[in-house]
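Chain by chain, the residues run as shown.
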Amino acid sequence: MVDYEVTVYTGDRVHATTINPVHIKLVGTEGESARTWLRSLVIFRGAVATYTVSCPKSLGQLVLIELDKRQFFILPGDAWFPDKVEIISPEKTIYTFPIHCWICDSETHRYREGKALRIFDESNSLGQYARQQELSQRSVDYAWEFYGPGMPDTIKADGAMTLPDEVQFSFTKTTEFAFTAATGLVELQLKGLVDNQENWKDLDDINDVFRNKGTPLSDYVQEHWTEDWLFAYQFLNGVNPTLIQRCKTLPGKFPVTDDMVFIPDGSNLSNELKKGNIYLCDYKNLDGIPANTVQEKQQYLTAPLVLLHKRPDDKLMPIAIQLKQTPSKDNPIFLPTDSEYDWLTAKIFVRSADFSEHQLNAHLLRTHLLAEVFAVSLLRNLPMVHPIYKLLIPHTRYTLQINELARVRLIGPAGVFTLIAASGGESLSKILARSLSSITYRSLCIPDNIDDRDLQDLPNFYYRDDGLQLWNIIFEYVQRVIKYYYKSNDEVQRDSELQTWIGDIFKHGFLSQLQTGIPQNFTTVSELIKFATMVMFTCSCQHAAVNSGQYDYGGWMPNFPTTLQRAPPTKKGTTSKSTILETLPPINVTAQGMATVWLLSRQSSDFVPLGHYLEYHYTEKTLRQLQKDFKSDLDKLSITINNRNKGLEIPYTYLDPKNVENSVAI
Ligand code: FE2
């Protein structure tokens, strides 16, 4: 007889303990062990326990293990969270089997040894068989579902609770999420705000909603929201830094003339355009979208154009706003020299358009829905033992579940967004489809995106500065990992699983639209490196940039109204303080909007920052070192960002690596 020393590591997390009997079978190139009971009455959370599995002879090289946990007699079934199993063979070889997922059922689960293997590295028929079996099961567990015309496909599920255990929220996250959602709404109910459909009588009354829930920045925004510089600043470092672009020639649809706008220091608009000091935000994506009705009342959504000037003191200031795309007498160009309320009204319409453009295009589509496409295609096409699965799986944590919840609670027919946003309901699918048809691969890669928007030298643009540094750090890490496994373009081309993975993304995420520039296959190592960098950046950094500041900038409703209830002015001189109060959303819509952005900006206590790998998918030493180097580069960037922020009136913290979550999880 020979003995195998089997050490089982159980995750230290709530509910990870099991009282059910657990069995293991070792499978090697020369045979397999008997199904052997791990002799423990209870396997506690955080436990590291060693057992012996005896076999008549050596099993050769270990390829996989089988684990099962069965409900015993009258004892209830439970959930168990093994992290990994380490085995020392009679030949003293150490094998590690990463697991990192819940086992809740009584099925037999197979786990491969940790060394990453591409499909053509599988020399053993058992390994090949296990690989095929795993992918065929995953293609059932993670099936695609048509979501709507022109929109990316999603995971097929009957609600968040039916998703496979391995992609569900942890107990901590579930409880906290329900608790924070409930406390916010209970508080509003107590104040009688949820049913109050009246308009605000005074903006100061809005203070009563969430009196104690302000962040330093949301308080600051409340104080300064009417000021032009803060309006402009948000195009750079607010929640939607994705729209602004340099403008060298004015579009014909926005006929601003030299004599309309005041440019200091004797210059004029034509000169400033030539000098590259003029910038444009164009909400054309929203043009012609019929607005939602809220509480049976027609709402208004515009597709504004905003012109901005970079002054000699490097401050960016708005100089003209046109609220609709087609110039006409009924579509005045508003200017800072107009009456206080005309100019403020124009800015409020822009901020409300930005709410819709931000939530649906920048946030929902370009981070949440794409992250889901990346997650589903990864789970369907790459087995756990694949090097790219190990690279990307930590960046898919909780994404499927948060998106399922969002589809029901936020954007579904009875969801908050449908009830309170000008772009809710039918408008939502139209905007999403239009956004997807205009998406490009270059726009998802921040270096290309900044070049295409010609924003390389715009001062005080911290989203760009921090985003580019993060991209470079991620790129460096991804490059080292991928070059460790792929030594030539030929190896990339021969990896049929990788090719199916990218093909699935092109088809189900980008609806096979060639103009997106999304690759349909990988021919070179460099293409693979760039694509994997984009996936990691999108799921972590880009989501943090557009998600984390939602309460900072939306906590004071007039700065980010979810909807507006009066049509945009068609003439100058028709606005007043009271028309603004009639335009802004009523009390209950405001309260629900603020509660939602508050919930979506909360950081969960089991938040995992970018580059922190709690799970040991890679077992090779070189890879573990690359992960350490990656984290150390991120730590250095965090210090640099912190030092920079000390000198800023508004610190830009969303892309500080400490605040960036590894995945789209909220
Ligand atoms: Fe989000």
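Small disclaimer: the values here were computed from a predicted structure and weren't measured.

Undergrad: Explain the overall build of the protein chain to me, please; I cannot follow it from the model alone.
TA: When helices and strands are tallied, the protein chain shows 20 helices and 18 strands. Overall, the C-alpha framework of the protein chain stretches about 95 × 55 × 45 Å when taken along its three principal axes. Classification of the 666 residues of the protein chain by burial places 59% in the buried group. Looking at the protein chain as shown, the accessible area adds up to about 26,700 Å², and 53% of this sits on carbon and sulfur atoms. Charge centroids of the protein chain, computed over 66 positive and 78 negative side chains, lie 2 Å from each other.

Undergrad: Quick question: what am I supposed to make of the domain arrangement of the protein chain here?
TA: The parts lose accessible area when they come together, and the size of an interface is often stated as this lost area. In terms of domains, the protein chain is made up of domain 1 (2-114) and domain 2 (140-241 + 363-666). Centre-to-centre separation of domain 1 and domain 2, based on C-alpha positions: 37 Å. Contacts between the two partners involve 15 residues from domain 1 and, on the opposite side, 13 residues from domain 2. In total, domain 1 and domain 2 occlude about 1,200 Å² of area from one another, counting both sides; carbon and sulfur atoms represent 62% of this. Counting across the domain 1 and domain 2 interface gives 0 salt bridges.

Undergrad: Looking at this model, I keep getting lost on the sheet that holds strand S12 (residues 245-246). Mind explaining?
TA: The strands making up a sheet associate through hydrogen bonds between their backbones, and the pairing can be parallel or antiparallel. Spatial strand order, S12-S13-S16-S17-S18: 5 strands in an open sheet with antiparallel pairing. The open sheet has two edge strands with one neighbour each: S12 and strand S18 (333-334). As judged from the 2 bridges shared by S12 and strand S13 (residues 278-282), these two strands associate in the antiparallel manner. What sits directly across from Arg246, in S13, is Tyr279. Against the sheet, helix H4 (residues 228-237) touches S13, strand S16 (305-310) and strand S17 (316-322), its axis set at about 90° to S17. Packing against the sheet, helix H6 (residues 340-381) makes contact with S16, S17 and S18, and its axis sits at approximately 90° to S17.

Undergrad: Quick question: what am I supposed to make of a nonpolar patch on the surface here?
TA: Taken together, the side chains of Ile19, Phe72, Phe73, Ile74 and Leu75 present a nonpolar region at the surface, about 560 Å² in accessible area. With respect to the helices and strands, the residue Phe73 is situated in the loop between strand S6 (62-69) and strand S7 (82-88). You can call Phe73 exposed: its relative accessible area is 72%.

Undergrad: Explain the nonpolar core to me, please; I cannot follow it from the model alone.
TA: Considering soluble globular proteins, one finds that nonpolar side chains tend to be buried as a cluster. Counting 178 residues, the largest nonpolar core has Leu391, Trp501 and Phe531 as its most contacted members. Of all the elements, H6 adds the most residues to this core, at 20 residues. Two domains share this core, each providing at least three of its residues, namely domain 1 (2-114) and domain 2 (140-241 + 363-666). Grouped together as the second largest cluster of nonpolar side chains are 16 residues, Val256, Val261, Ile263 and Leu269 included.

Undergrad: What am I meant to see in the packing of H6 against helix H15 (residues 496-509) here?
TA: Helix packing for two helices is described by the angle between their axes and how far apart those axes are. Two elements in contact, H6 and H15, have axes whose closest approach is 9 Å; the angle formed by their N-to-C orientations is 145°. Crossing handedness for the pair H6 and H15: right-handed. Residues Val373, Phe374, Ser377, Leu378, Arg380 and Asn381 of H6 touch H15, and the partners they reach there are Glu497, Thr500, Trp501, Asp504, Ile505 and Gly509. Its residues assigned to classes, the contact of H6 with H15 shows 5 nonpolar, 4 polar and 3 charged.

What counts and what doesn't
- Residues numbered from 1 in each chain as written.
- Predicted model: local features only at pLDDT ≥ 70, side-chain atom pairs only at ≥ 80, totals over all residues.
- Heavy atoms only, no water.
- Helix = DSSP H or I, 4+ residues; strand = E, 2+ residues; numbered from the N terminus.
- Buried < 20%, exposed > 50% of the residue type's maximum accessible area, 1.4 Å probe, protein only.
- Areas by Shrake-Rupley, 256 points an atom, 1.4 Å probe, with all protein chains shown as cover.
- Lys, Arg positive; Asp, Glu negative; His and termini not counted.
- Charge placed at Lys NZ, Arg CZ, Asp CG, Glu CD.
- Domains from an automatic or database assignment.
- Contact = heavy atoms within 4.5 Å.
- Buried area = accessible area lost by both parts, 1.4 Å probe.
- Salt bridge = Lys/Arg side-chain N within 4 Å of Asp/Glu carboxyl O.
- Pairing = 2+ DSSP bridges.
- Axes fitted to C-alpha atoms, helices over the stretch in contact; angles between N-to-C directions.
- Patch = residues over 30% accessible without salt bridge, like charges linked within 9 Å, V, L, I, M, F, W, Y side chains within 5 Å.
- Core = buried A, V, L, I, M, F, W, Y, C linked by side-chain atoms within 4.5 Å.
- Left-handed = near helix turned anticlockwise from the far one by under 90°.
- Nonpolar A, V, L, I, M, F, W, Y, C, P; charged D, E, K, R; others polar.

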